[in-house]
Amino acid sequence: MLTSPGRVRYFPACLLVKVCTFKSEDSHKLTMVLNPVISKLSGKLVVLASASPRRLEILTNVGMRFEVVPSWFKENLDKALFKKPYEYAVETAKQKALEVAKRMPFKHLKTPDIVIGADTIVTVGGLILEKPVDKQDAYRILSRLNGKEHSVYTGVAIILCHEKEDQEIEYKVVDFYEETKVKFADLSEEMLWEYIHSGEPMDKAGGYGIQALGGMLVEHVQGDFLNVVGFPLNHFCKELDKIFNSPSSDTADRRCTLAAEGMAGEIPEDHSSAVRKRNVAQCGSRDRFEFPHRIADLLDGFKASKALFTACKLKVFDLLASAEYLSATQVAGNISGSLMGTERLLDAVVSLGLLEKLKLGDTIAYRNTEQTSRYLVSTSELALNEYILYCDERVWPLFTHLEQSVLEGVSQHDHAFGKRCEEPSKHACCNHREKQLQFMKAMHSMAKVAGSHVATAFDLSSFRTACDLGGCTGAMAFAFSKVHPALSVIVFDLPAVVEMCAHFHPRGQDLSRVTFVAGDFFSDDLPKADLYILARILHHLPAEKVHALLSKLSEICKPGCGVLLSEIFLDEGTRGQSSGILQALTMTQGVQRSAAEYSLLLQKYGFTQVSIKHTGNFLDAILGVKP
Ligand SMILES: C[S@@+](CC[C@H](N)C(=O)[O-])C[C@H]1O[C@@H](n2cnc3c(N)ncnc32)[C@H](O)[C@@H]1O
């Protein structure tokens, strides 16, 4: 039975909202909230109790703001206890979310308003298929699906956390499931094995990912496609609507059941009661004020950043990547640290969700989470370590002089680094090789993480040649050339930068379609191209330089040519913090802009066909094409 077959009726625009083409008079409507239900969550502490990048992307794409706190609940419920497979998925989702909801008040020192848990399973002939444990297992699972129709169920639990008068926290659960039927094509053994060797099946229920290579295996889908990807967005929005838009004032009660007692992850009484007390600030017996979670978080924000920086600098994550798990004593020995200090750092990083803490007999051990292995181990393809070290050494000192910066309105670089140091962004122009290399490594690590999202933001099939102005190490250019096989990319940067680029060339990728040209984009002729890319360039330039560069591009671009800007877009109409605004605090020239402002800028220079993409990654993208 399909719960609601073949529909995207409720919020038809929600998947389209982030990429839109518009004329200038429409620009003010650009970020109008098209999803009134998601907007009900603004101002609430919403937590996704899942580390799945696919769920994260689905929810980020519709503009939802939330924290990710992966659940520690072990997915090992006895399937035999459930009459229907979806009951198992719903219960797993519920336990995952409840574990996080109950852990946060004493581990993260804050109580979420809403915790969302989800669990996706694949069933065929009543049998639940798990994630494959190895390639043979993947073959066994995929062979079962081959040529047949199967069901994908995602169980979702929405936990509403409510503080009662007596300071106890009440957990109410709204749960539901969605079923989608998927028919696999008849696949040859060769194709199955080719897919298995791609590595994609390994972390996915049913051994395939429909949103990527696995999409090639699928003949048709009946029901919600996103449910197969991992999250039934449409059904979720309907449930939110019932919770928040019901005419009844106590709508949650109508819909919810109280969470069962005695679930996994019990809270030690002493911790929880202390925190609960903290969670209610009282003024007289009748007036209660909500505890200022946001402010409390911000008070701890710098401690959390510094704990991350320190763990990175001491190579804690690299060390943990070299073993399955390590005790604090082993870590301390390897980093030449004190046991007490190391233990405290490890526990702090656990509380930030970047490490897992295990009890193995009498030993307490630590290991990297999946996300940490991907982003914080320096040998990983997507390692952010260089950017983190850069933040620690070059950005943190600037922020310690923020007050002076605000009062004086001038660069605090001399105060932060001493008179001889240059601004980090000018390293490329000076001979300070070491600092320049550090800056390039930082840019490189972030561009590698954002690159594929920016490169796939738009249909670029009409362009044959691109020129990445200020393309630095070529990270972005290589990402573009990887996903657009017909595109050749020229990286144009200052001579001192181009000289050091070979160090960053990717291994195992065709290098022939990316070339490097040294020059100054203000004073030199620019290489001819159909598309000019400017990633993280314009926000840092004063108005007259933005004008000079865009005028130059406008002059050399013929109809059909384009300019693609990749920047952090300021959020419009929301009150959440924006990394663009925070970055601007230490900028002494230039200005951060919203997507609508970048759009107007492109249109002013003749690139009037504008498309915008909020990528959900570090950098967003906007494409302007000359008609
Ligand atoms: C903030 S970095 C951005 C790097 C890259 N686009 C990215 O997003 O990863 C700015 C880049 O612009 C380059 N740049 C600055 N002024 C330049 C100029 N006048 N001509 C060419 N490149 C320049 C710098 O060398 C540096 O590589």
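Computed from a predicted structure; not experimentally measured.

Now for the overall build of the protein. In terms of helices and strands, the protein carries 23 helices and 21 strands. Classification of the 627 residues of the protein by burial places 51% in the buried group. The contacts of the protein with a sequence gap of at least 6 include a subset with a gap of at least 24, amounting to 69%.

The next subject is the packing of helix α4 (residues 135-145) against helix α5 (residues 189-197). Two numbers describe how α4 lies on α5: the axes approach to 10 Å, and their chain directions differ by 135°. By the angle between their axes, α4 is oblique relative to α5. The two elements α4 and α5 meet at a crossing, and its hand is right-handed. In contact with Lys 135, Gln 136, Ala 138, Tyr 139, Leu 142 and Ser 143 of α4, α5 contributes Glu 189, Leu 192, Trp 193, Tyr 195, Ile 196 and His 197. By residue class, the composition of the contact of α4 with α5 is 7 nonpolar, 3 polar and 2 charged.

On to the environment of Ala 502, then. Relative to the helices and strands, Ala 502 is located in the loop between α20 (495-498) and β17 (514-518). According to the relative accessible area criterion, Ala 502 is exposed, its value standing at 55%. Between the C-alpha atoms of Ala 502 and Gly 474, which are 28 residues apart in sequence, the distance is 9.3 Å.

Let us now look at the sheet that holds strand β13 (residues 355-360). One open sheet holds the 3 strands; their spatial order is β12-β14-β13, and the pairing between them is antiparallel. What marks the edges here is a single partner per strand, and that holds for β12 (326-327) and β13. As paired strands, β13 and strand β14 (residues 363-368) are joined by 6 bridges and run antiparallel to one another. Note that in β14 the partner of Glu 356 across the bridge is Arg 367. Along the sheet, helix α13 (residues 339-351) makes contact with β13 and β14, crossing β13 at roughly 115°.

As a matter of local geometry, the ligand sits amid 16 residues, with Gly 470, Asp 493, Phe 521, Ala 535 and Arg 536 nearest to it. Between an oxygen atom of the ligand and a side-chain N or O atom of Asp 493, the distance comes to 2.6 Å. Relative to its unbound accessible area of 590 Å², the ligand is 89% covered by the protein chains. Broken down by element, the residue count for the shell around the ligand peaks at 3 residues, all from helix α18 (residues 433-455).

Glancing now at unusual backbone geometry. Most peptide bonds are trans, and most residues other than glycine sit at a negative phi. At Lys 315, a position not held by glycine, the phi torsion is positive, near 55°. The residue Lys 315 is located in the loop between α10 (293-313) and α11 (316-321) in this model. Residue Lys 315 is classed as exposed on the basis of its relative accessible area of 52%. Phi is positive for Arg 536, close to 55°, though the residue is something other than glycine. Along the polypeptide, Arg 536 turns up in the loop between β18 (531-535) and α21 (543-556). On the basis of relative accessible area, Arg 536 is assigned to the buried category, the value being 18%.

Ranked by size, the top nonpolar core spans 47 residues in total, and within it Met 64, Ile 116, Leu 142, Ile 158, Phe 184, Tyr 208 and Phe 236 carry the most contacts. Look past the residues within four positions of Leu 142 in its chain and what remains in contact with it is Phe 184, Leu 192, Tyr 195, Ile 196, Pro 201, Gly 206, Gly 207, Tyr 208 and Leu 217. Counting 37 residues, the second largest nonpolar core, distinct from the first, contains Cys 312, Ala 328, Val 331 and Met 446.

Moving on to the pairing of strand β6 (residues 149-163). For β6, a buried count of 12 out of 15 residues is recorded, marking the element as mostly surrounded by other parts of the structure. Strand direction decides the pairing type here: strand β4 (residues 114-124) and β6, joined by 10 bridges, are antiparallel. Within β6, the residue paired with Gly 117 across the bridge is Ala 157. Bridge count for β6 against strand β7 (residues 169-184) is 15 bridges, and the pairing is antiparallel.

On to the state of the cysteines. Inspection of the entire model under this criterion finds 0 disulfides. Counting only cysteine sulfurs, Cys 391 is the nearest neighbor of Cys 312, a cysteine outside any disulfide, at a range of 10.0 Å.

This paragraph deals with the pattern of salt bridges. Within the structure shown, the criterion is met by 19 salt bridges. Notably, a salt bridge pairs Arg 103 with Glu 99, separated by 2.7 Å at the nearest N-O pair. Of this pair, Arg 103 and Glu 99 both sit in helix α3 (residues 85-107), separated by 4 residues, roughly a single helical turn. Judged on exposure class, the residue Arg 103 and its partner Glu 99 are both buried. The closest approach of N and O atoms between Glu 170 and Lys 172, which form a salt bridge, is 3.4 Å. Both residues of the pair, Glu 170 and Lys 172, count as buried. Taken together, the salt bridges that share partners define one network made up of Lys 306, Lys 313, Asp 392 and Glu 393.

Once that is clear, we can look at the packing of aromatic side chains. As enumerated under the stated definition, the model contains 13 aromatic pairs in all. Arranged with centres 5.8 Å apart and planes meeting at 50°, the rings of Tyr 86 and Tyr 153 form a pair that is tilted. Taken as a pair, Tyr 86 in helix α3 and Tyr 153 in strand β6 lie far apart in primary sequence, 67 residues in all. Judged by relative accessible area, which is 10%, Tyr 153 ranks as buried. Lying over the aromatic face of Trp 72, Arg 103 brings its terminal NZ or CZ to 3.7 Å of the ring centre.

In this section: a nonpolar patch on the surface. A contiguous nonpolar patch, built from Met 191, Leu 213 and Met 216 and spanning about 270 Å² of accessible area, is present on the exposed surface. In this fold, Met 216 is placed in the loop between α5 and β8 (218-222).

Time to look at the side chain of Gln 412. Counting through the fold element by element, Gln 412 comes out in the loop between α16 (402-408) and α17 (413-417). When neighbours within four sequence positions are excluded, Gln 412 is seen to be in contact with Leu 398, His 401, Gln 404 and Ser 405.

Here we take up helix α7 (residues 233-244). Helix length check: α7, at 12 residues, gives a terminal C-alpha distance of 16 Å against a target of 16 Å (1.5 Å per residue), a fit within 8%. When you tally the buried positions in α7, you get 9 out of 12 residues, the bulk of the element.

Once that is clear, we can look at the confidence of the model for the protein. Close inspection of predicted coordinates is inappropriate for parts of the model with low pLDDT. Averaged over every residue, the pLDDT of the protein is 83; residues scoring 70 or more account for 83%. Here residues 1-34 is modelled with pLDDT under 50, and outside its nearest four sequence neighbours on either side it reaches 71 contacts, counting other chains as well. Contacts from residues 573-577, a stretch scored under 50 in pLDDT, to residues over four places away or in other chains number 7 contacts. Note on the complex model: pTM 0.61, ipTM 0.99.

The rules behind the values
Residues numbered from 1 in each chain as written. Predicted model: local features only at pLDDT ≥ 70, side-chain atom pairs only at ≥ 80, totals over all residues. Heavy atoms only, no water. Helix = DSSP H or I, 4+ residues; strand = E, 2+ residues; numbered from the N terminus. Buried < 20%, exposed > 50% of the residue type's maximum accessible area, 1.4 Å probe, protein only. Contact = heavy atoms within 4.5 Å. Axes fitted to C-alpha atoms, helices over the stretch in contact; angles between N-to-C directions. Parallel < 35°, antiparallel > 145°, perpendicular 65-115°, else oblique. Left-handed = near helix turned anticlockwise from the far one by under 90°. Nonpolar A, V, L, I, M, F, W, Y, C, P; charged D, E, K, R; others polar. Pairing = 2+ DSSP bridges. Near = heavy atom within 4 Å. Polar contact = N/O pair within 3.5 Å; in protein donor to acceptor, adjacent residues only side chain to side chain. Areas by Shrake-Rupley, 256 points an atom, 1.4 Å probe, with all protein chains shown as cover. Core = buried A, V, L, I, M, F, W, Y, C linked by side-chain atoms within 4.5 Å. Disulfide = S-S within 2.5 Å. Salt bridge = Lys/Arg side-chain N within 4 Å of Asp/Glu carboxyl O. Phe/Tyr/Trp six-rings, centres within 6.5 Å; stacked < 30°, edge-to-face > 60°. Lys NZ or Arg CZ within 6 Å of the ring centre and 35° of its normal. Patch = residues over 30% accessible without salt bridge, like charges linked within 9 Å, V, L, I, M, F, W, Y side chains within 5 Å. Expected span 1.5 Å × (residues − 1). pLDDT = per-residue confidence, 0-100.

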